[in-house]
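The residues making up each chain are set out below.
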Amino acid sequence: GSMRSWMIAFAMCALATAIAFVFVDVPVANFFHEFPWARAMRIREFRIPVLIACLGFAFLFVGLRSFGGRSLDSTSETIVLAALALALTMSINEFVMKPIFGRPTPHNFFKTGHSFFGWMRDVRKSSFPSGHAAQMAAVGTVLWAKDPRWRIAVVLTVIFLCAIMVVGGWHFVSDLVAGAFLGAF
């Protein structure tokens with residue numbers, strides 16, 4: 001049941017990632033690279049991990065409330081689960097996945113012409129899998145599971161933010177597919 005579903009989802013993700021890598025990544029990156037508004041999106045302020053900061057503050061707030069003797073309500077429980085999912089996802093992505101794959105970002109691709117994986121390369125310049133997509137999917141999956149009313153908003157938000165990552169030149173499409181799968185998993 002559950003393991004079979006996971007294996008099917010993994011196979012579909014691997015296939016979608018491979019198709020995007022071979023046929024979509026470089027043409028889409030080339031298309032958006034020259035747009036002036038796309039270059040404007042690559043400013044330093046957009047690199048701040050806003051989701052991590054927000055959940056960190058929320059997690060701290062919930063922690064302080066619980067130390068004050070209050071029990072966790074549903075919202076607080078959701079915040080704690082989202083923060084833990086985010087921390088686990090980012091640990092796996094940043095300390096395991098990115099070092100293994102070492103794929104350059106689109107920005108580095110335009111400097112070097114190299115878009116392939118460089119196994120065990122500098123993680124600071126690695127874009128695969130996307131940490132942005134992993135973060136969004138990890139938090140979105142918690143919201144998805146906790147309250148079905150959030151499902152459409154979660155999906156639309158993840159798609160919108162992933163589109164921004166492509167347009168802004170932070171990630172290739174395949175980075176986002178793999179990152180979203182990692183975060184949802």
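Bear in mind that the values here come from a model prediction, so they are computed numbers and not experimental data. (Residues numbered from 1 in each chain as written. Predicted model: local features only at pLDDT ≥ 70, side-chain atom pairs only at ≥ 80, totals over all residues. Heavy atoms only, no water.)

**Points about the nonpolar core**
The nonpolar side chains of a soluble globular protein tend to be buried, and buried together.
For step 1, the next point in the chain: F32, A133, M136, V154, V158, C162, M165, V166, V167, W170 and L176 form the largest nonpolar core, which has 11 residues in total.
For step 2, the next point in the chain: Only α6 (131–146) and α7 (151–167) provide two or more residues apiece to this core.
For step 3, the next point in the chain: Apart from the residues lying within four places of it in its own chain, the contact partners of V154 are G140, L143 and W144.
For step 4, the next point in the chain: Formed by five residues, the second largest nonpolar core is a distinct cluster that contains A82, M90, V139 and V142. (Core = buried A, V, L, I, M, F, W, Y, C linked by side-chain atoms within 4.5 Å. Buried < 20%, exposed > 50% of the residue type's maximum accessible area, 1.4 Å probe, protein only. Helix = DSSP H or I, 4+ residues; strand = E, 2+ residues; numbered from the N terminus. Contact = heavy atoms within 4.5 Å.)

**A look at α7**
For step 1, the next point in the chain: The end-to-end C-alpha separation of α7 is 24 Å, in line with the 24 Å expected for 17 residues at 1.5 Å each.
For step 2, the next point in the chain: Among the residues of α7, those classed as buried are V154, V158, C162, M165, V166 and V167.
For step 3, the next point in the chain: Once α7 ends, the next one or two residues include G169, with phi positive near 80°. (Expected span 1.5 Å × (residues − 1).)

**Notes on the environment of E94**
For step 1, the next point in the chain: Residue placement: E94 occurs in helix α4 (residues 74–101).
For step 2, the next point in the chain: Between the alpha carbons of E94 and F128 there is a distance of 9.7 Å; along the sequence they are 34 residues apart.
For step 3, the next point in the chain: One polar contact links E94 to N93, side chain to side chain, over a distance of 3.4 Å. (Polar contact = N/O pair within 3.5 Å; in protein donor to acceptor, adjacent residues only side chain to side chain.)

**Overview of the packing of aromatic side chains**
For step 1, the next point in the chain: The final tally for this structure, using the stated rule, is seven aromatic pairs.
For step 2, the next point in the chain: Between W6 and F181, the ring centres sit 6.1 Å apart and the planes meet at 50°, which makes this aromatic pair tilted. Placement of the pair is W6 in helix α1 (residues 2–33) and F181 in helix α8 (residues 173–184), with a sequence separation of 175 residues.
For step 3, the next point in the chain: W6 sits in the partly exposed class, given a relative accessible area of 29%. (Phe/Tyr/Trp six-rings, centres within 6.5 Å; stacked < 30°, edge-to-face > 60°.)

**Focus on α4**
For step 1, the next point in the chain: Helix length check: α4, at 28 residues, gives a terminal C-alpha distance of 38 Å against a target of 40 Å (1.5 Å per residue), a fit within 8%.
For step 2, the next point in the chain: Remark: the principal bend of α4, roughly 35°, maps to N93.
For step 3, the next point in the chain: Looking only at α4, the buried set comprises S76, T78, V80, A82, A83, L86, T89, M90, N93, K98, P99 and F101.
For step 4, the next point in the chain: Looking one or two residues beyond α4, the residue adopting positive phi is G102, at roughly 55°. (Bend = angle between axes of the 7 residues up to and from the residue.)

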